[in-house]
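Topology and contacts: notes
Next come the chains, spelled out residue by residue.
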Amino acid sequence: MYAAASGMAAQQTNLDVIADNLANADVAGFKRAAAGFIDVNAGGTIGLGTASTGTRPDFAQGKLMKSGGPFDVAIDGPGFFRVERGGQRAYTRNGEFARAADGTLRNAAGWQLRDVRIPEDATAIHVGADGRVTIDTAGTTGRPAGRIRLATFASAENLRALGGTTYAATDASGPEHRIGPGGPNAPRIAFGMLERSNVSIIESMMQILNAQRAYEANAKGVQAADEMQRIANNLHRS
Amino acid sequence: MTWMASAMRAAQAQLDTATHNLANVATDGFRRVRSAVELTARGLVARELPDPTQGGIRETGRPFDLALLGPGSFAVEGARTRSGSFIRDRDGWLTDRQGRRLLGARGPLRVSDGATVAADGTVRDGSRIVDRIPLPPGTRIRSGALEASGVDAIGESLAILTAQRAFETAQKTLVAIDQTREKAVNDVARLK
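A brief report on the enclosed structure follows. (Residues numbered from 1 in each chain as written. Chains lettered and ligands numbered in written order. Predicted model: local features only at pLDDT ≥ 70, side-chain atom pairs only at ≥ 80, totals over all residues. Heavy atoms only, no water.)

Brief notes about the pairing of strand S1 (residues 33-40) of chain B
Residues and elements named next belong to chain B. Note that S1 and strand S2 (residues 43-50) share eight bridges and pair antiparallel. What sits directly across from glutamate 38, in S2, is valine 45. Linking S1 back to S2 in an antiparallel pair, the connection comprises two residues. (Pairing = 2+ DSSP bridges. Helix = DSSP H or I, 4+ residues; strand = E, 2+ residues; numbered from the N terminus.)

Structure (structure tokens):
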């Protein structure tokens, strides 16, 4: 009975992760996650069902698409934008930034892109593949306004998800390595583009159907075990 | 009567096996366990046998997701597993989902980001051969893919129903035998 119940719990976890993927399928820079499971054995071959080993993000590159935002950037290759909010540092591949009143570039969740500031008199912005930001003003063109640097990690899969597209460094991921984009073998910045999420809606729908069927089958297992215990308990009365 | 009790125990064991299999329908690399019921001097006994059926292969594109094609398993620290979802940890060691390091022929494997695993288990860092993942003869490794669970949910659901019916049949038979004995003890010897 507990083996079947552990199977129900596993499929519940599975469904939660897939549903979160689906909910974020249209969010730029979102990375799908997958739940992992192991079988639980107490000595012999037959065991106690299954247990979760946690969820892990899959940082496979999403497709880049043209976008309309004034400061949309995407990373072509590995790495993360370095952002901060209220002193907390984090990492994201969502490059949907907009200029705030104080000249900083922030995304919808209020995370500020580090190292870049856009002055008020800027009339046009340009970002090179190497991350260098230049602005035009009424009188000048091509004035430097900072450079976007990216962070890579020894073990990006061990970053801690902060929700949505944002991650924090952990002991297991190792500290950030700061890299300048645009060099040979280095990621490039694509200006005027956004990275689509790497969630495949069709694949996720298939996963949901499978998980639901598996959940129901495990529920039947719980019922069967319960029924057999009831029969055994009533043996003396029949 | 003890025979019917053994039949009930065997049905219970079959149910345990089926529910354990079913619980692991989403566990990568899981090999289902087969429950075989045998008639012995002690009555019916259910034995658990590993089912060597290969699970389906699912492409993931991640270079350190390794699927075993054929028998065998990966050696990780303190255990063996067919679950081939490995990542590099911060120091470059290949680790499984429980943080155990993957062992090559010469010990734990440490690689850089661009390392590759060939079908014969050879681990290369660029052109340098780091080590080899030991494999039984004939078994290959597919990199960028995972072996899905070998459990078929429909088959296990049927096994659950079968076990439940077998249990009920044994129980009904047991009750019938018990009633016969009751008659023998209480009625046959009664003088009219």
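Let's pick the thread back up.
Overview of the packing of aromatic side chains
Per the stated rule, a full pass over the model turns up eight aromatic pairs over all chains. Summarising the aromatic geometry, the rings of Phe74(B) and Phe86(B) are spaced 5.4 Å apart at their centres and angled 85° between planes, so their arrangement reads as edge-to-face. Of the two residues, Phe74(B) is situated in strand S5 (residues 74-76) and Phe86(B) in the loop between strand S6 (79-81) and strand S7 (87-88); the sequence distance between them amounts to 12 residues. Grouping residues by exposure puts Phe74(B) and Phe86(B) together as buried. One aromatic cluster in this structure is built from Phe59(A), Phe80(A), Tyr91(A), Phe153(A) and Tyr167(A). Stacked on the ring of Trp93(B), the Lys or Arg Arg101(B) has its end atom at 4.4 Å from the ring centre. (Phe/Tyr/Trp six-rings, centres within 6.5 Å; stacked < 30°, edge-to-face > 60°. Buried < 20%, exposed > 50% of the residue type's maximum accessible area, 1.4 Å probe, protein only. Lys NZ or Arg CZ within 6 Å of the ring centre and 35° of its normal.)

Considerations on the interface of chain B and chain A
Of the residues lining the interface, 37 residues belong to chain B; the matching set on chain A comes to 46 residues. A combined buried area of about 3300 Å² lies between chain B and chain A, and 61% of that area is made up of carbon and sulfur atoms. The interface formed by chain B and chain A includes one salt bridge. We note a salt bridge from Arg62(B) to Asp58(A), for which the minimum N-O separation is 2.5 Å. Joining chain B to chain A, the criterion identifies 12 residue pairs in polar contact (both at pLDDT 80 or more). Among the elements of the structure, helix H1 (2-23), S7 and helix H2 (153-188) of chain B are those that each provide at least two residues to the side of chain B that touches chain A. Among the elements that make up the side of chain B that touches chain A, the one with the highest residue count is H2(B) (10 residues). (Contact = heavy atoms within 4.5 Å. Buried area = accessible area lost by both parts, 1.4 Å probe. Salt bridge = Lys/Arg side-chain N within 4 Å of Asp/Glu carboxyl O. Polar contact = N/O pair within 3.5 Å; in protein donor to acceptor, adjacent residues only side chain to side chain.)

Observations regarding the nonpolar core
In this structure, Phe71(A), Phe81(A) and Ile148(A) are the most contacted members of the largest nonpolar core, which totals 19 residues. For this core, the secondary-structure elements that each account for two or more residues are strand S4 (71-76), strand S5 (80-85), strand S9 (112-117) and strand S11 (132-136) of chain A. Top element by residues in this core is S4(A). It accounts for three residues. For Phe71(A), the residues in contact, after removing those within four places along its chain, are Gly95(A), Phe97(A), Leu105(A), Leu113(A), Ile118(A), Ile125(A), Val127(A), Val133(A), Ile148(A) and Phe191(A). Judged by nonpolar contacts, the second largest core, of 17 residues, contains Phe64(B), Leu109(B), Val111(B) and Leu135(B). (Core = buried A, V, L, I, M, F, W, Y, C linked by side-chain atoms within 4.5 Å.)

Quick notes on unusual backbone geometry
All names here are of chain A. Even without being a glycine, aspartate 115 presents a positive backbone phi close to 75°. Note that aspartate 115 resides in strand S9. Non-glycine residue asparagine 185 carries a positive phi angle of around 65°. With respect to the helices and strands, the residue asparagine 185 is situated in the loop between strand S16 (177-179) and strand S17 (188-191).

Regarding the layout of surface pockets
If you roll a probe as big as a water molecule over the atoms, it shows you where there is empty space left. Quantified by volume, the second largest pocket comes out at close to 610 Å³. Along its surface, the second largest pocket is lined by 27 residues, and Asp39(A), Gly29(B), Phe30(B), Arg31(B) and Arg82(B) are the ones closest to its centre. At the level of elements, strand S1 (33-41) of chain A together with S6 of chain B are the ones that each hand at least two residues to the lining of the second largest pocket. For the lining of the second largest pocket, the element with the highest residue contribution is S1(A), accounting for four residues. Residue classes in the lining of the second largest pocket are distributed as seven nonpolar, 10 polar and 10 charged. (1 Å grid on protein atoms, 1.4 Å probe; cavity = no way out; pocket = protein on both sides within 12 Å on 5 of 7 lines; lining within 4 Å. Points joined across faces, edges and corners; volume = space filled by probe spheres on them. Nonpolar A, V, L, I, M, F, W, Y, C, P; charged D, E, K, R; others polar.)

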